[in-house]
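Secondary and tertiary structure notes
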Amino acid sequence: MMSLFNLSGYDAVKFHLLQGRYVSSEMLNDVLLELNKSAYVEINEIGKSVEKKSISNIKIGFGPIKLLFWSQMHGNESTTTKAVIDLVNLLIKNYDSDSVTNLTNRCTLHIIPMLNPDGADAYTRVNANSVDLNRDAQNLSQPESKILRNVFNEIKPDYCFNLHGQRTIFGTEYSGNSAVASFLAPSQDNKLSITRNRAEAMRVIAYINLKLKKDLPNNVGVYDDAFNINCVGDTFQSLGIPTILFEAGHIGSDYNREESRLYMFKALCFSLDYISRSDLSYETDISEYHKIPQNKKCFFDIILSNADINGKNYNLAIQYKEVLKDNSIEFQPQLEKINHLEDYYAHKNINLKNKIIDFPSEDDLKIGSDIDFVIANNEKISLKIY
């Protein structure tokens with residue numbers, strides 16, 4: 001069967017109304033109005049957020065295998081929202097193709113593209129009540145948490161896709177490469193048991209990895225599978241449903257996450273290819289899942305090496321703070337770590353080659369300080385993203 005991704009060029013299905021890191025509820029509503037013009041999708045409001053903003057579900061297909069996707073549970077994690085909208089656009093534009101017909105005959109997709117519109121608008125991880133929805137799976141204290149659980153209970157999904165984005169700090173263990181895409185088949189008990197449904201989630205991820213390795217040979221990771229029943233993925237896995245965590249990561253200078261968006265789109269296509277196969281005897285081995293390297297916190301945005309400050313050699317790690325301003329994200333460079341950087345990598349390395357850095361005193365080297373630029377031998381070196 002032809003891969004869904006190969007149906008047409010990506011640029012033809014990429015939904016260009018969504019660009020950059022900031023995806024607000026208003027932007028999404030404009031997208032949903034466009035998508036709702038298609039006869040192939042059904043879009044319904046399924047509830048409202050703390051601040052009474054609409055939360056919608058996109059339904060496409062009519063097959064017996066039911067898939068539930070949700071994105072922007074954390075409001076500042078927008079890459080998978082862009083990718084899953086691209087997926088919907090692909091299915092609409094190729095609805096009569098053999099590959100999409102096979103998918104829609106076998107599967108019904110339920111997609112919540114933005115579970116946390118209040119957090120999305122404020123560009124925060126938490127909702128308007130400052131609650132992390134991904135730690136509210138048991139208490140169900142928030143309207144957004146209840147909405148997701150109600151949809152889960154109503155449709156009784158056969159697979160769940162928990163779509164997120166991760167910080168630039170992650171690399172794949174022992175490789176020196178950034179984690180561009182990361183996954184997890186969450187645990188469902190303290191014993192980290194590999195149950196039937198968890199093994200199925202592992203097989204889906206193994207298949208995605210085998211396909212993504214052509215583009216990302218050393219940039220795919222898996223998260224630690226420590227059990228936390230308060231997390232949505234762990235809870236749904238414990239209820240017997242194969243649940244897969246997607247995490248859009250970072251590569252190079254892609255701070256708008258448009259490259260990551262492409263790889264998340266591909267990963268979604270590959271997962272649907274696998275699940276919708278008519279050859280039910282085909283499956284990947286879970287041993288392939290266990291070969292995927294672990295995620296590790298080993299990256300900074302910038303490392304300034306060999307800086308001469310008052311006659312001493314310094315290595316400085318810079319991390320960007322993401323700040324919402326005028327409906328876009330500014331990346332504010334801040335000093336994150338001083339020296340002892342032997343085990344770390346950077347998305348950008350600047351070797352100052354023992355040039356003298358103009359810091360009046362060592363007291364100015366404070367963790368958390370904003371550093372837009374440095375002066376090295378009277379040369380201004382900007383650290384900002386433009």
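Residues numbered from 1 in each chain as written. Predicted model: local features only at pLDDT ≥ 70, side-chain atom pairs only at ≥ 80, totals over all residues. Heavy atoms only, no water.

**Re the pattern of salt bridges**
Throughout the structure, instances matching the rule amount to 17 salt bridges. The closest approach of N and O atoms between aspartate 215 and lysine 266, which form a salt bridge, is 2.4 Å. Within this pair, whereas aspartate 215 is found in the loop between helix 7 (196-212) and strand 9 (220-222), its partner lysine 266 is found in helix 9 (residues 258-275), the two being separated by 51 residues in sequence. You can call aspartate 215 partly exposed: its relative accessible area is 34%. The exposure class of lysine 266 is buried, given its relative accessible area of 10%. The structure contains a network of salt bridges with shared partners spanning Lys14, Lys82, Asp86, Glu258 and Arg261. (Salt bridge = Lys/Arg side-chain N within 4 Å of Asp/Glu carboxyl O. Helix = DSSP H or I, 4+ residues; strand = E, 2+ residues; numbered from the N terminus. Buried < 20%, exposed > 50% of the residue type's maximum accessible area, 1.4 Å probe, protein only.)

**Some remarks on the sheet that holds strand 15 (residues 345-356)**
Spatial ordering of the open sheet is given by 14-13-12-15, a layout of four strands whose pairing is mixed. The open sheet has two free edges, formed respectively by strand 14 (328-338) and strand 15, since each of these has just one partner strand. Each strand axis lies, on average, 25° off the axis of its neighbour in the sheet, ignoring direction. Bridging between strand 13 (residues 312-325) and strand 14 involves 10 bridges; their strand directions are antiparallel. Of the residues in strand 14, the one forming a bridge with lysine 325 is serine 328. (Pairing = 2+ DSSP bridges. Axes fitted to C-alpha atoms, helices over the stretch in contact; angles between N-to-C directions.)

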